[in-house]
Amino acid sequence: MMKQTDIAIAGAGPSAMLLAAEVAETGLSAIIIAPEPQETWPNQYACWRDELPDRPGMDWDELITPSFPSAQIWLDDRSPLVLERQYGRLEGSKLQRALWQRFESAGGRARSGRVNQVNYDARGAELRLVDGEDLRATVFVDATGHGARFIQRRQGKTSGYQVAYGVLADLKGEPAPSDRMTLMDYRGITPGDDISNPSFLYAFQRESGLWFLEETVLVGPNKTGFETLRKRLERRLGSMGVSVNRVFEEERCLIPMNPPLPRMDQPGLGYGGAASMVHPASGYMVAYAAGRAPRVASCLAHGLGRSGSDPRQVVREAWDVIWPRSDRQSHALYRLGSNILAEFSVEETREFFRAFFEQPKSRWRGYHSRSLDVRGVMASMWGTFGQLRPEIRKAMFAAIARNPREAWEAMRGGLPE
Ligand SMILES: Cc1cc2nc3c(=O)[nH]c(=O)nc-3n(C[C@H](O)[C@H](O)[C@H](O)COP(=O)(O)OP(=O)(O)OC[C@H]3O[C@@H](n4cnc5c(N)ncnc54)[C@H](O)[C@@H]3O)c2cc1C
């Protein structure tokens, strides 16, 4: 009979590796299957420092470079909002090494290959790889990213995308103070500018003269092409008196922001982009996946440790750790919020963010970090709504009317499956 591994994870991106390291450290046998498991991740990931969990072997302060004590948001030319919260960029290759080190020293194995088909039975999952080999696992985890093929989602469609064009470039002049992170610069590129699909500048200095800059549509209908954003970035820098000496890297980013939730009753598990874990209003996910992974791993170890355990039941319990009821309810609210934001003009977006960030820090921070329960999310949304001018509230109601499914799901709490 074919040898059976406890957990097989398809993918070797950040979600797969964050979960794999935790799973292996519980003592479960684990295998990573990906076309090139140790290939360097193509993207650079940034996050709020306080969202990263304390884990053995993870010296986050060593892994975050550069790190900034605060972030700023420009909504007009007067002065920026300063968010006193540490933010930084995870050094991808170092993070990858640290996770592989944990995974392999706990006995985890890797196999190059692409999963092509998954069949389930009472003992778990049988995976067929593209090269024809079959593998067995008690629990199969799809961590193949946003386009995951082996995950069933609820009805509905992804209606919002984050689109960004970024460069790592040597600059003459500074687009922002170099000791702070510019999270969003929504100032007009030319006075009175009102472009559809408003974009903002995201910028930080990596080292002297070397900047990472990104022109980003936070959430929109995916109509803003990379070329449009490239030109906007060029115009923006020109209006700031900044010129580019040399571009070292380019990044084209497209993140599906609000895919429907995965079904909780399916026989396989998902993690990361595959499990719709990207924040529907910000596009961040890595720190959140890092925070949730220890609990998912311990749930799997506990479930598989029970005598005569049923793999389907264990998977169901693990889905409940990834998406507990309260988070499913909040997700419906976040999705609605993201759809509303996608329809705002530049001016409406600016006013919305002014009101949002003028709430108490615990509220906006909790909203961003998904640490609020559903009542907290509601309070944050109402708090923001209460500060808006009547015209903007009207625009919000009109956007809600154009999103009846999301509004209905948000109202009834995103349940049942
Ligand atoms: C350009 C960009 C920048 C981003 N920046 C940030 C950021 O700063 N901070 C943040 O928190 N989030 C960010 N995100 C959002 C999100 O965190 C990323 O999309 C993240 O890469 C998702 O991780 P993942 O591991 O779920 O999927 P992926 O990183 O997409 O990894 C998928 C893995 O699955 C493998 N695979 C695919 N198909 C198969 C198969 N059939 N069998 C086996 N393996 C397979 C792939 O080879 C890959 O290893 C960004 C996204 C993009 C696109």
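Placed above this text is the structure.
Fair warning: this is a prediction, and the values are worked out from it, not measured in the lab. (Residues numbered from 1 in each chain as written. Predicted model: local features only at pLDDT ≥ 70, side-chain atom pairs only at ≥ 80, totals over all residues.)

Now for the site of the ligand. Around the ligand, the structure places 30 residues, and the nearest of them are Gly11, Gly13, Gly145, Cys253 and Gly272. For the shell around the ligand, the secondary structure elements donating two or more residues are helix H1 (14-25), strand S2 (30-34), strand S3 (45-48) and strand S16 (243-256). Residue composition of the shell around the ligand, by class: 19 nonpolar, nine polar and two charged. For the shell around the ligand, the two domains that each supply at least three residues are domain 1 (4-66 + 89-156 + 260-323) and domain 2 (161-256). (Near = placed C-beta within 6 Å. Helix = DSSP H or I, 4+ residues; strand = E, 2+ residues; numbered from the N terminus. Nonpolar A, V, L, I, M, F, W, Y, C, P; charged D, E, K, R; others polar. Domains from an automatic or database assignment.)

A few words now on helix H10 (residues 374-386). For an α-helix, the turn length of 3.6 residues means that residues three or four places apart are oriented alike. With 13 residues, H10 ought to run about 18 Å at 1.5 Å a step, and its terminal C-alpha atoms sit 18 Å apart, in line with that. In this structure, the buried side of H10 is in contact with helix H7 (325-341), helix H8 (346-357) and helix H9 (361-369). (Expected span 1.5 Å × (residues − 1). Contact = placed C-beta atoms within 7 Å.)

Formed by 116 residues in total, the largest nonpolar core has its most connected members in Ile7, Ile9, Leu19 and Ala20. By residue number, the principal contributor to this core is helix H5 (residues 286-305), which donates nine residues. Dropping the residues within four chain positions of it, Leu19 is found in contact with Ile9, Val141, Ala143, Tyr271, Ala293, Val296 and Ala297. (Core = buried A, V, L, I, M, F, W, Y, C linked by C-beta atoms within 7 Å. Buried ≥ 20, exposed ≤ 12 C-beta atoms within 10 Å, placed from the backbone.)

One ladder, built from four bridges, connects S3 with strand S7 (residues 87-90); its direction is antiparallel. Residue pairing for S7: Trp48 is matched across the bridge by Tyr87. Sheet analysis places strand S4 (residues 64-68) next to S7, joined by three bridges and oriented antiparallel. Bridge pairing in S7 places Phe68 opposite Tyr87. (Pairing = 2+ DSSP bridges.)

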